[in-house]
Amino acid sequence: MADPIHQFNIVNLFPVTQIGGHEISFTNSAAFMVLAAGGITAFLLATTASRSLVPNRLQSVAELSYEFVADTIQSTAGKEGMKFFPFVFSLFMFVLVANLVGLIPYTFTVTSHIIITAALAITVFLIVLIYGFWKHGLHFFNLFVPKGIPIYILPLIVFIEVLSFLSRPISHSVRLFANMLAGHITLKVFASFITLLGSAGILGIAGATLPLALVVALTALELLVAFLQAYVFAILTCIYLNDAIHPGH
Amino acid sequence: MATTTAHTEQPAGHKEPFPPFNSQTFASQLFWLVITFVFLYVMMAKVALPRIGAIIDTRQKRIDDDLAHAQKLKAESDAALASYEKALADARNRGQAIASEMRDKQAAASEATRKTLETQLNAKLADAEKTIAATKTAAMSNVSAIAQDAAATIVERLTGTKPQEQAVAAAVAGALKR
């Protein structure tokens, strides 16, 4: 049976440089990151090059992605949230394309590595902290003090609020990472059942149709998950940014 | 893709850590994530999103302008319709005024004609009545003269004497009065 973990291996394609004693190589993961960032940029620039008043299909896709993310921000963080529009848009598109490309067989899923999702989540966390303190100063601590709470349970509430705030980057990053990892492992396991059964004679080939059907269904589910997790990542980012913009509960 | 190199790089029999938790790969991943994500962010923030935003804004502005233009044209046509209807109503009113004026004038004229005709007819009627009365009086005086003659003749035939003229006239007048 094929190793379901093998698909997550990082392969060094060629070394690049050395920073602080760490070897920096161009890896398969790097290749797919370059593909995602370059692909998104090339697609958006190519489809909007004609700046048509009446968009063709591909320009509609570009505009749709723009309006989708813009609506998401405005519904969760209000008009002021549009300051972070390029950041949230980049985040959403990067995660979405990385997730979707990873579903193609023999590709690598950038977002199935905790270091990537953690780095993105910590970036969001730091932006919330820095923008919150820069914009509101010490009033940013109001975030942890809900209004209308009796004074005797306030310490407990503040403790819970601080704890939940600090655990945000963990849940934010693990959610995406775990979804991608689990989905790809499941797909791989069921796909390997097909070859396993298929090599066991005529009866096995008949039996292999069941996992094949399952893999087809799972692929559809994983497509949904790939989109949904990118959306969840983006909308959680918006909700956290909303805290930095409006710290009062 | 490069799956074969993965195995050639790892020494045989070496237990590989679970790849997502292999900290040796973190530096490279973070390095490329920073490069690609910063590139993506700059391209989105400086080129792609302003362009798409401008396309959408231009379209929205065009739609708004067209709608405003259509609204203006509609208002203009409404105004033209209103002025047309006003002109029509004015013309109708004027027509009615002229018609009623004409009707009044003609009625007055025919009334005047009728009046003069009536007075003329009345005058003629009065003349005729006068003539009738004169003729009647003349005829009545003739009747009494004939009656007196007849009475005188009758009395003369019966009595053989000619009655006195005054007595006959008185008797006839008395008989006529009854």
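In what follows, the structure referred to is the one given above.
Note that the structure is a prediction, hence the values are computed from the model and not measured.

Caption draft 1: Summary view of the overall build of chain A. Each helix and strand counted, chain A has six helices and two strands in total. For chain A, the α and β elements follow one another from N to C terminus as β-β-α-α-α-α-α-α. C-alpha atoms of chain A, sized along the principal axes, occupy 75 × 55 × 45 Å. For chain A, with 249 residues in total, the buried portion stands at 44%. The contacts of chain A with a sequence gap of at least 6 include a subset with a gap of at least 24, amounting to 66%. Counting only carbon and sulfur atoms, one obtains 74% of the accessible surface of chain A, whose full area is about 12200 Å².

Caption draft 2: Local environment of the side chain of Thr111(A). Mapping Thr111(A) onto the fold places it in the loop between α3 (85-102) and α4 (114-136). Here Thr111(A) is in contact with Val95(A), Ala98(A), Asn99(A), Thr117(A), Leu176(A), Phe177(A) and Met180(A), once residues within four sequence places are set aside.

Caption draft 3: Quick look at the packing of helix α5 (residues 154-198) of chain A against helix α6 (residues 201-245) of chain A. Residue and element names in this part refer to chain A. The contact between α5 and α6 brings their axes to 8 Å, and the two run at 170 degrees. Looking at the two axes, α5 sits roughly antiparallel to α6. Across the contact of α5 with α6, the residue classes tally to 21 nonpolar, 12 polar and four charged.

The rules behind these values
- Residues numbered from 1 in each chain as written.
- Chains lettered and ligands numbered in written order.
- Predicted model: local features only at pLDDT ≥ 70, side-chain atom pairs only at ≥ 80, totals over all residues.
- Heavy atoms only, no water.
- Helix = DSSP H or I, 4+ residues; strand = E, 2+ residues; numbered from the N terminus.
- Buried < 20%, exposed > 50% of the residue type's maximum accessible area, 1.4 Å probe, protein only.
- Contact = heavy atoms within 4.5 Å.
- Areas by Shrake-Rupley, 256 points an atom, 1.4 Å probe, with all protein chains shown as cover.
- Axes fitted to C-alpha atoms, helices over the stretch in contact; angles between N-to-C directions.
- Parallel < 35°, antiparallel > 145°, perpendicular 65-115°, else oblique.
- Nonpolar A, V, L, I, M, F, W, Y, C, P; charged D, E, K, R; others polar.

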